[in-house]
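Commentary on secondary and tertiary structure
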Amino acid sequence: MRPLQAELLQGRALYREVVLGKLAHARESVWVATANVKAMFVEQGGQFAPVLELFDRLAARGVALRLLHAELPSRPFREAFDARARLVRGGLELKVCPRVHFKAVVVDGAWAYVGSANLTGAGLGAKGEDVRNFELGFVTEDFDVIDRVTALYAAVWDGAECRGCRLKAVCPDPILSSVGKPAKTREPGAIRLGQSRRLRR
């Protein structure tokens, strides 16, 4: 075991540090991994607004945004996404993998959060203390940690884990199809979450 410089945070401190302190000020990239995705609100300019408004502003500045998730985002999230043309056109890339259960945020490839909180109001959002989940996580600039988180994220994102996955039969959209394998036949109107696209309801 080697020494690791990191700060352990909980509750609202996670929201303040991860979302307001780092994610909102990203300059190059933000990679988010989460099991659940909901239309959480965050403070912006003294008011509370959907996190997708923050993502839209980041995309307008040229920040590359990736969201890797296990389940279809909530309906309010999808409706808010649909209303932002820049995100729909690829400003926010989305991919789904039902095995994703790790929660992480990597900002500019140089700072990382790893912990229990999902991209939800009660997780990383601005919920009140009396309804917020009890969450723990650490933040760090340790390059070995960032490299390992980034490697896992990239392996899932690029479909490297799909070939040996035993859940392919129940996966809604195997990422493997986007890295050279023939895509499986989908029913008309099926949700395709292997690349950025307009999310269907």
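The rules behind these values
- Residues numbered from 1 in each chain as written.
- Predicted model: local features only at pLDDT ≥ 70, side-chain atom pairs only at ≥ 80, totals over all residues.
- Heavy atoms only, no water.
- Core = buried A, V, L, I, M, F, W, Y, C linked by side-chain atoms within 4.5 Å.
- Buried < 20%, exposed > 50% of the residue type's maximum accessible area, 1.4 Å probe, protein only.
- Helix = DSSP H or I, 4+ residues; strand = E, 2+ residues; numbered from the N terminus.
- Phe/Tyr/Trp six-rings, centres within 6.5 Å; stacked < 30°, edge-to-face > 60°.
- pLDDT = per-residue confidence, 0-100.
- Contact = heavy atoms within 4.5 Å.
- Salt bridge = Lys/Arg side-chain N within 4 Å of Asp/Glu carboxyl O.
- Expected span 1.5 Å × (residues − 1).
- Polar contact = N/O pair within 3.5 Å; in protein donor to acceptor, adjacent residues only side chain to side chain.
- Disulfide = S-S within 2.5 Å.

What follows is about the nonpolar core. In a soluble, globular protein the nonpolar side chains are often hidden away together inside. Core analysis: the largest hydrophobic core is formed by 38 residues, its most contacted members being Phe55, Leu92, Val105, Tyr113 and Leu124. Take this core: its biggest share by element is six residues, from helix α2 (residues 51-60). Grouped together as the second largest cluster of nonpolar side chains are 18 residues, Leu68, Val100, Ile146 and Trp157 included.

A full pass over the atoms with the stated rule returns two aromatic pairs. Measuring from ring centre to ring centre gives 6.0 Å for tyrosine 153 and tryptophan 157, while their planes differ by 25 degrees; the resulting arrangement is stacked. With tyrosine 153 and tryptophan 157 both in helix α5 (residues 143-157), this residue pair falls four residues apart, about one helical turn. Like tyrosine 153, the residue tryptophan 157 is buried in the burial classification. Counting every residue linked through ring pairs, the aromatic cluster contains Trp31, Tyr153 and Trp157.

As for its position among the elements, isoleucine 146 is in helix α5. The class of isoleucine 146 is buried, set by a relative accessible area of 2%. Taking C-alpha positions, isoleucine 146 is 6.1 Å from alanine 112, a pair spaced 34 residues apart along the chain.

For the rest of this paragraph, the subject is the confidence of the model for the chain. Of all residues in the chain, 87% have pLDDT values of 70 or greater, and the mean over the chain is 87. Confidence drops under pLDDT 50 across residues 177-201; counting only partners more than four residues distant or on other chains, this segment forms 56 contacts.

All right, on to the pattern of salt bridges then. Tallied over the entire structure, the rule returns nine salt bridges. The shortest N-O distance in the salt bridge between glutamate 43 and arginine 12 comes to 3.2 Å. With glutamate 43 in strand β3 (residues 41-44) and arginine 12 in helix α1 (residues 12-22), the pair connects residues that are 31 residues apart, well separated along the chain. Assessed through its relative accessible area of 24%, arginine 12 is described here as partly exposed. Here arginine 84 and glutamate 53 are joined by a salt bridge, their closest N and O atoms 3.9 Å apart. Residue arginine 84 is located in the loop between α3 (75-82) and α4 (85-91), and its partner glutamate 53 is located in helix α2; the two are separated by 31 residues in the primary sequence. Connected through shared salt-bridge partners, Arg2, Asp142, Asp144 and Arg148 make up one network.

By the element assignment, glutamate 141 lies in the loop between β9 (136-140) and α5. For the pair glutamate 141 and valine 106, spaced 35 residues apart in sequence, the C-alpha to C-alpha distance is 9.8 Å. For glutamate 141, the contacting residues outside a window of four places in its chain are Lys22, Ala110, Trp111 and Ile146.

As a further point, take α5. Since the α-helix advances by 3.6 residues per turn, residues separated by three or four positions end up pointing in the same direction. Taking 1.5 Å per residue, 15 residues should reach 21 Å; α5 reaches 20 Å between its end C-alpha atoms and fits that length. Those residues of α5 lying buried are Val145, Ile146, Val149, Tyr153, Ala155, Val156 and Trp157. Where α5 is buried, its residues meet β2 (29-34), β5 (64-69), β6 (92-96), β7 (103-107), β8 (111-115) and β9. Capping of α5 at its N-terminal end is provided by aspartate 142; its side-chain oxygen lies 3.1 Å from the backbone amide nitrogen of aspartate 144. Looking at the residues trailing α5, positive phi occurs at glycine 159, about 85 degrees.

Moving on: the state of the cysteines. Following the criterion strictly, the structure yields zero disulfides and no others. Here cysteine 162 is not cross-linked by a disulfide; its sulfur's nearest cysteine counterpart is in cysteine 171, at 6.5 Å. The cysteine cysteine 165 is free of any disulfide, with cysteine 97 supplying the nearest cysteine sulfur at 6.3 Å.

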